[in-house]
Amino acid sequence: MNISKIKFKSSFLSIYNNQNKKLSNAVKTRLDSQKSMADTLEVKVELSKAQTSEKHIQEGVSFLQEENKAVNSLKDMSQKLKQVSSQYNSGKLTDEDKKAVEKQANEIISYMNSVVNSTFGDNTFRENQIDVETNHGSDIVIDLKPFDISMDSDMDKDNRKNDHEKFHIEGKLGIRDILKDTSRIENTLIKPLDKYSDNIKSQIGGLADDAMYQDMVVNMSIQELCQLKAMDKYTATMALNNSKMILKNAANALELLG
């Protein structure tokens, strides 16, 4: 075989192999890049879901703290109402004394109605709720309805819920009817409010647990995005600090309930 032909063939094969290697590397780089982009998108979606859940957790905790403050105030007033009712039925009061007790009871009930109405606003707010979507599939629902409590057992609760007027705990009962029946105060106010307290504590506990889980997801997602060079240090720090703050607020809210 001609030596020049051998050299040409050898040179051609060398060029072909080099070009083939370059093409192979280019394809590999492109595939790696596509995989990196896919990974980045997937992690960003996970981070977005976790941060949305954290936002709802923050809203839920804020509302429940407000609700708990209202419940505690109503519980204190209910106990005072029970005390004046016992005093009213003691048989030791003059007519003037009874009038003074009736006035005091009216003031207590007026204050309780004010607490409920100021906490929940108008009735259009009653059917709303806060949905906290969790990454592990068990959604938490925070009810924004007002306390379903009334000393008037004969009152039509459905009509009361649809009524656009202010909420009244006493319903159509007169102050003397209320004071004469101490057990009514216990059964229609004190016991239901105790249940509300327990429910609030349970809901805040659930939110605090989920806040811990979402904080873990946020931390892992941000760490991956930084490794993929898809997030700068400043943005990462801000996101991490915000997540920690939401977790701390939820934990503090639970701790305050004892």
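Structure: see above.
Colleague: Run through the overall build of the protein, naming residues and quoting values.
Modeller: Each helix and strand in the protein was counted, giving six helices and two strands. Listing each helix as α and each strand as β along the protein from the N terminus yields α-α-β-β-α-α-α-α. Burial status across the protein gives 34% buried among its 258 residues. Considering only contacts in the protein between residues 6 or more positions apart, those separated by 24 or more positions represent 78%. Accessible surface for the protein amounts to roughly 16300 Å². Of this, 51% is attributable to carbon and sulfur atoms.

Colleague: Pulling in residues and values, what's your account of the pattern of salt bridges?
Modeller: Throughout the structure, instances matching the rule amount to six salt bridges. The residue lysine 82 makes a salt bridge to glutamate 186 at a minimum N-O spacing of 2.7 Å. Here lysine 82, found in helix α1 (residues 3-88), pairs with glutamate 186, found in helix α5 (residues 182-227); they are 104 residues apart in sequence, far enough to count as distant. A salt bridge links glutamate 102 to arginine 176, with the nearest nitrogen and oxygen atoms 3.2 Å apart. Taken together, the positions of glutamate 102 in helix α2 (residues 95-120) and arginine 176 in helix α4 (residues 175-180) put the pair 74 residues apart, joining distant regions of the chain.

Colleague: Outline the nonpolar core, supporting the account with residue identities and numerical values.
Modeller: Membership of the largest hydrophobic core comes to 43 residues, with the highest contact counts inside it found for Leu81, Met151, Ile169, Leu189 and Leu207. Among the elements of the structure, α1, α2, β1 (129-132), β2 (140-143), α4, α5 and α6 (233-256) are those that each provide at least two residues to this core. Considering each element in turn, this core owes the most residues, 11 residues, to α1. For isoleucine 169, the contacting residues outside a window of four places in its chain are Leu74, Met112, Asn113, Val116, Ile149, Ser150, Met151, Asp152 and Leu189. Core analysis: the second largest hydrophobic core is formed by 10 residues, Val43, Val218, Met231 and Ala239 among them.

Colleague: Got a sec to walk through the side chain of threonine 182? Specific residues and values, please.
Modeller: Counting through the fold element by element, threonine 182 comes out in helix α5. Within polar-contact distance, the side chain of threonine 182 engages the side chain of asparagine 89 at 3.4 Å. Once residues lying within four places of it in the same chain are set aside, the contact partners of threonine 182 are Lys82, Ser85, Ser86 and Asn89.

Colleague: Can you tell me about the packing of aromatic side chains, naming the residues and giving the values?
Modeller: Scanning the entire structure with this criterion turns up zero aromatic pairs. The ring of tyrosine 88 carries lysine 98 above its face, with NZ or CZ at 5.3 Å from the centroid.

Colleague: Before we move on, can you summarise unusual backbone geometry with the specific residues and values?
Modeller: Phi angles above zero are rare outside glycine, and lysine 229 is one such case at about 60 degrees. Here lysine 229 is to be found in the loop between α5 and α6.

Colleague: Can you lay out the environment of asparagine 106 for me, pointing to particular residues and giving the numbers?
Modeller: For asparagine 106, the location among the structural elements is in helix α2. Each C-alpha atom of the pair asparagine 106 and arginine 176 lies 9.8 Å from the other, and the pair is 70 residues apart in sequence.

Colleague: Residue-level account of the packing of α5 against α6, with values.
Modeller: It is at 9 Å that the axes of α5 and α6 come closest, and there the two elements cross at 165 degrees. When the interaxial angle is binned, α5 and α6 end up roughly antiparallel. Here α5 and α6 pass one another in a crossing that is left-handed. In this structure, α5 contributes Lys201, Ile204, Gly205, Ala208, Ala211, Met212, Asp215, Val218, Asn219, Ile222 and Cys226 to the contact, and α6 contributes Ala236, Ala239, Leu240, Ser243, Lys244, Leu247, Ala250, Ala253 and Leu254.

Colleague: Any chance you could break down α5 for me, citing the residues and the numbers?
Modeller: The end-to-end C-alpha distance of α5 is 67 Å, a good match for the 68 Å that 46 residues give at a rise of 1.5 Å each. Where α5 terminates, the next one or two residues include lysine 229, which has phi positive at roughly 60 degrees.

Colleague: Account for the environment of methionine 77, with residues named and values stated.
Modeller: Relative to the elements of secondary structure, methionine 77 occurs in helix α1. Ignoring any residue separated from it by four or fewer positions in sequence, one finds methionine 77 in contact with Ile108, Tyr111 and Met112.

Parameters and conventions
- Residues numbered from 1 in each chain as written.
- Predicted model: local features only at pLDDT ≥ 70, side-chain atom pairs only at ≥ 80, totals over all residues.
- Heavy atoms only, no water.
- Helix = DSSP H or I, 4+ residues; strand = E, 2+ residues; numbered from the N terminus.
- Buried < 20%, exposed > 50% of the residue type's maximum accessible area, 1.4 Å probe, protein only.
- Contact = heavy atoms within 4.5 Å.
- Areas by Shrake-Rupley, 256 points an atom, 1.4 Å probe, with all protein chains shown as cover.
- Salt bridge = Lys/Arg side-chain N within 4 Å of Asp/Glu carboxyl O.
- Core = buried A, V, L, I, M, F, W, Y, C linked by side-chain atoms within 4.5 Å.
- Polar contact = N/O pair within 3.5 Å; in protein donor to acceptor, adjacent residues only side chain to side chain.
- Phe/Tyr/Trp six-rings, centres within 6.5 Å; stacked < 30°, edge-to-face > 60°.
- Lys NZ or Arg CZ within 6 Å of the ring centre and 35° of its normal.
- Axes fitted to C-alpha atoms, helices over the stretch in contact; angles between N-to-C directions.
- Parallel < 35°, antiparallel > 145°, perpendicular 65-115°, else oblique.
- Left-handed = near helix turned anticlockwise from the far one by under 90°.
- Expected span 1.5 Å × (residues − 1).

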